[in-house]
Amino acid sequence: MLSGGTAHILHRDSRDLHTLTAFDLQSLPVRLTRDVGRYATGTVLAELMLRVAPAEPHPEGFLVLRDALRRLEEAEAPALEAVALERVWALVSALGFAPAVDRCVRDGRPLLPGEELAWSVSEGGALCDRCARGTEVTVLPPEGGAALRRLVRIEEGPLPRFDPKHAAAHRRLVARYVRHHLGEGAPLAALDFWQQRAWAPA
Ligand SMILES: [Zn+2]
């Protein structure tokens, strides 16, 4: 699981199943096993690829996944939560489900940094004041909105550092988004495990 390499497949037109004749291992991200959080994030990314990527080759998704596993191996422990969140959003975006964060998802009105951000899971992103009225939204305070802008890479700069409470809020945000837009109702066991930090004491 999570290792990279070249598969040699004997392709048979007449069958749905083909024969794997060899697998040349090129990367084995053993440092993901340094702690459960790293590995759990890696399995979320793999689950997304398996569940969402089309059957055809998807080089962009593959490159984002490969890069993410390397970053998760290398991240210093205090930065891990933010790196994990950024990489999950990066794969979500690469798979074609980028959220709207800097403009209203409904009417395109620009949303300014430094303000509260009204977030709608079902609409697929942020809403302006006018559209947020009468719609179910989660309101992020200015610093939460700024963190989200950075995580989805609308803005550059150093990644935010999250305390456990804010990390949990951001995990919940992206997990709800994934379930709504990518999950199609199917259970996402790795995502559940990661979102709840099921390995950590409550
Ligand atoms: Zn609007």
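Residues numbered from 1 in each chain as written. Predicted model: local features only at pLDDT ≥ 70, side-chain atom pairs only at ≥ 80, totals over all residues. Heavy atoms only, no water.

### Focus on the overall build of the chain
Reasoning step 1: Of regular secondary structure, the chain possesses 7 helices and 5 strands.
Reasoning step 2: The order of helices and strands in the chain, counted from the N terminus, is β-β-α-α-α-β-β-α-β-α-α-α.
Reasoning step 3: A compact globule built from 202 residues would reach a C-alpha radius of gyration of about 17 Å, and the chain, at 18 Å, matches this within 12%.
Reasoning step 4: Taking the principal axes of its C-alpha atoms as reference, the chain extends roughly 60 × 40 × 30 Å.
Reasoning step 5: Across the 202 residues that make up the chain, the buried fraction comes to 42%.
Reasoning step 6: A separation threshold of at least 6 residues defines the contact pool for the chain, and within that pool the share at least 24 residues apart is 56%.
Reasoning step 7: In the chain, which carries 25 positive and 26 negative side-chain charges, the distance between the mean positions of the two groups comes to 2 Å. (Helix = DSSP H or I, 4+ residues; strand = E, 2+ residues; numbered from the N terminus. Rg over C-alpha atoms; globule rule 2.2 N^0.38 Å. Buried < 20%, exposed > 50% of the residue type's maximum accessible area, 1.4 Å probe, protein only. Contact = heavy atoms within 4.5 Å. Lys, Arg positive; Asp, Glu negative; His and termini not counted. Charge placed at Lys NZ, Arg CZ, Asp CG, Glu CD.)

### Some thoughts on the pattern of salt bridges
Reasoning step 1: If you walk through the whole model with that rule in mind, you get 16 salt bridges.
Reasoning step 2: We note a salt bridge from Arg149 to Glu155, for which the minimum N-O separation is 2.7 Å.
Reasoning step 3: One network of salt bridges, in which partners are shared, links Asp67, Arg70, Arg71, Glu74, Glu86, Arg87, Arg150 and Arg153. (Salt bridge = Lys/Arg side-chain N within 4 Å of Asp/Glu carboxyl O.)

### Looking at the coordination of the zinc ion
Reasoning step 1: Each protein donor to the zinc ion is listed here as Cys104 (SG), Asp107 (OD), Asp107 (OD), Cys128 (SG) and Cys131 (SG); together their distances run 2.2 to 2.6 Å.
Reasoning step 2: Written as a sequence motif, the donor residues of the zinc ion are C-x2-D-x20-C-x2-C.
Reasoning step 3: Using a relative accessible area of 34% as the deciding quantity, one classes Asp107 as partly exposed. (Donors = N, O, S within 2.8 Å, 3.2 Å for Na, K, Ca; no water.)

### Regarding the nonpolar core
Reasoning step 1: If you look at the biggest cluster of nonpolar residues, it comprises 58 residues, and the most contacted ones within it are Leu48, Trp89, Trp119, Leu148 and Trp194.
Reasoning step 2: Looking at this core element by element, the count peaks at 12 residues for helix H3 (residues 80–97).
Reasoning step 3: Setting aside residues up to four positions removed in sequence, Trp89 forms contacts with Pro99, Trp119, Leu148, Leu151, Val152, Leu173, Val174 and Tyr177. (Core = buried A, V, L, I, M, F, W, Y, C linked by side-chain atoms within 4.5 Å.)

### Regarding the side chain of Arg150
Reasoning step 1: Relative to the helices and strands, Arg150 resides in helix H5 (residues 142–151).
Reasoning step 2: For Arg150, the side chain forms a polar contact with the side chain of Glu86, separated by 3.2 Å.
Reasoning step 3: Discounting residues that sit within four places of it in the chain, Arg150 has contacts with Glu86, Glu155, Glu156, Gly157, Pro158, Leu159 and Pro160. (Polar contact = N/O pair within 3.5 Å; in protein donor to acceptor, adjacent residues only side chain to side chain.)

### Section: helix H1 (residues 36–52)
Reasoning step 1: Compared with the 24 Å implied by 1.5 Å per residue over 17 residues, the 24 Å span of H1 between its first and last C-alpha is a close match.
Reasoning step 2: Within H1, 13 of the 17 residues are buried, which leaves the element mostly enclosed by the surrounding structure.
Reasoning step 3: Capping of H1 at its N-terminal end is provided by Asp35; its side-chain oxygen lies 3.2 Å from the backbone amide nitrogen of Gly37. (Expected span 1.5 Å × (residues − 1).)

### Quick notes on the packing of aromatic side chains
Reasoning step 1: This model, assessed by the stated rule, comprises 4 aromatic pairs.
Reasoning step 2: Measuring from centroid to centroid gives 5.9 Å for Trp119 and Tyr177, while their planes differ by 40°, and the two rings are tilted. In this pair, Trp119 sits in strand S3 (residues 117–120) while Tyr177 sits in helix H6 (residues 164–181), placing the two residues 58 residues apart along the sequence.
Reasoning step 3: Judged by its relative accessible area of 1%, Trp119 falls in the buried class.
Reasoning step 4: An angle of 40° between the planes, with centres 5.3 Å apart, marks the rings of Phe193 and Trp199 as tilted. (Phe/Tyr/Trp six-rings, centres within 6.5 Å; stacked < 30°, edge-to-face > 60°.)

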